[in-house]
Amino acid sequence: MDVKIEQSWKECLKDEFEKPYFKQITDFVREEYGKNTIYPAAKLIFNAFDLCPFDKVKVVLLGQDPYHEPGQAHGLCFSVKEGIPFPPSLRNIFKEINEDLGKPVPRSGDLTRWAEQGVLLLNATLTVRAHSAGSHQGKGWETFTDAVIRKLASQRKNIVYILWGAYAQRKAEMIDSRLNLVLQSSHPSPLSASRGFFGNKHFGKTNEYLEKTGQKTIEW
């Protein structure tokens, strides 16, 4: 199957694209875009991969679902387009960066700048129906994004995996923590941020590890 995705990922994931489950995802998603309002725009489904090639990945930040309200989702977990108000989780992420590193809260919630530095902003599910959180879960996307994590874990090392909340933390079993840094805490959503997300210092710890392993740090 000819999937429009950045070339290094296309090569790395070519076996996945030929599996029956991926055809099922493709058929389902195509039908959904034809009948409903779906986010992100179809051309941005693989935006996280297009902005962060396989061999450039230094950090994997795992989200669950794209944002499901108008103008928000653009294929990068936790990120919103320029000019869109910060959702609560993103606001808390910026608050923790400010506390951890002393960086001021930015004006834009567009995290493209992180992706271009080597942060794979990966949602476990890559599409969602408007106003309906979780509506595309269990359709096969999770099988695909698990394969992405396994590819990275088996072919690359010295990557920082940032796993916030119970859902993301289930992915830790795929990752060899002796060859990578795995950071875990509660999720930045308002319901759980005060139970271990605030004060986790994951952004500073990420940069310390990158520096220690001879990699350029992230300008958060």
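Reading the values: rules and limits
- Residues numbered from 1 in each chain as written.
- Predicted model: local features only at pLDDT ≥ 70, side-chain atom pairs only at ≥ 80, totals over all residues.
- Heavy atoms only, no water.
- Pairing = 2+ DSSP bridges.
- Helix = DSSP H or I, 4+ residues; strand = E, 2+ residues; numbered from the N terminus.
- Axes fitted to C-alpha atoms, helices over the stretch in contact; angles between N-to-C directions.
- Contact = heavy atoms within 4.5 Å.
- Salt bridge = Lys/Arg side-chain N within 4 Å of Asp/Glu carboxyl O.
- Buried < 20%, exposed > 50% of the residue type's maximum accessible area, 1.4 Å probe, protein only.
- 1 Å grid on protein atoms, 1.4 Å probe; cavity = no way out; pocket = protein on both sides within 12 Å on 5 of 7 lines; lining within 4 Å.
- Points joined across faces, edges and corners; volume = space filled by probe spheres on them.
- Nonpolar A, V, L, I, M, F, W, Y, C, P; charged D, E, K, R; others polar.

(A) Summary view of the sheet that holds strand 5 (residues 160-164). The strand order 3-2-5-6 describes an open sheet built from four strands, whose pairing is parallel. Of all strands in the sheet, those bounded by a partner on one side alone are strand 3 (119-123) and strand 6 (181-185). Averaged over neighbouring strand pairs, the angle between their axes works out to 20° when direction is ignored. Of the pairings in the sheet, the one linking strand 5 to strand 6 comprises five bridges and is parallel in character. Residue pairing across strands places Trp164 opposite Ser185, the latter belonging to strand 6. Where helix 7 (residues 141-155) meets the sheet, it contacts strand 2 (59-63), strand 3 and strand 5, and its direction lies at approximately 150° from that of strand 3.

(B) Local environment of the pattern of salt bridges. On inspection of all chains with the given rule, the structure shows 10 salt bridges. The salt bridge partner of Asp27 is Lys23, with a shortest N-O separation of 2.8 Å. Taken together, the positions of Asp27 and Lys23, both in helix 3 (residues 20-35) and four residues apart, correspond to about one turn of that helix. Judged by relative accessible area, which is 34%, Asp27 ranks as partly exposed. Accessibility expressed as a relative area gives 46% for Lys23, which makes it partly exposed. Residues participating in the shared-partner salt-bridge network are Lys23, Asp27 and Arg30.

(C) Fine view of the layout of surface pockets. Its volume calculated, the largest pocket comes out at about 580 Å³. Surrounding the largest pocket, 26 residues form its lining, Gln64, Asp65, Tyr67, Ser89 and His187 being those nearest its centre. Among the secondary structure elements, those contributing two or more residues to the lining of the largest pocket are strand 2, helix 5 (88-101) and helix 8 (165-169). For the lining of the largest pocket, the element with the highest residue contribution is helix 8, accounting for four residues. Its residues assigned to classes, the lining of the largest pocket shows 14 nonpolar, 10 polar and two charged. The calculated volume of the second largest pocket comes to roughly 440 Å³. For the lining of the second largest pocket, the element with the most residues is helix 3, which contributes five residues. The residue makeup of the lining of the second largest pocket, split by class, is nine nonpolar, one polar and five charged.

(D) Quick peek at the pairing of strand 2. Summarising burial for strand 2: five of the five residues are buried, a large majority. Direction of pairing for strand 2 relative to strand 3: parallel, over a ladder of five bridges. Pairing of Val59 across the sheet is with Val119, part of strand 3.

(E) Spotlight on empty space enclosed by the protein. Following the criterion strictly, the structure yields one cavity of 30 Å³ or more and no others. Approximately 60 Å³ is the volume attributed to the largest cavity. Lining the largest cavity are Pro40, Ile45, Ala48, Phe49, Pro66, Gly75, Leu76, Leu121, Leu122, Asn123, Thr125 and Leu126. Sorting the residues of the lining of the largest cavity by element identifies helix 4 (47-51) and strand 3 as the ones contributing at least two each. Here the lining of the largest cavity gets three residues from one element, more than from any other, and that element is strand 3. The residue inventory of the lining of the largest cavity, partitioned by class, reads nine nonpolar, three polar and no charged.

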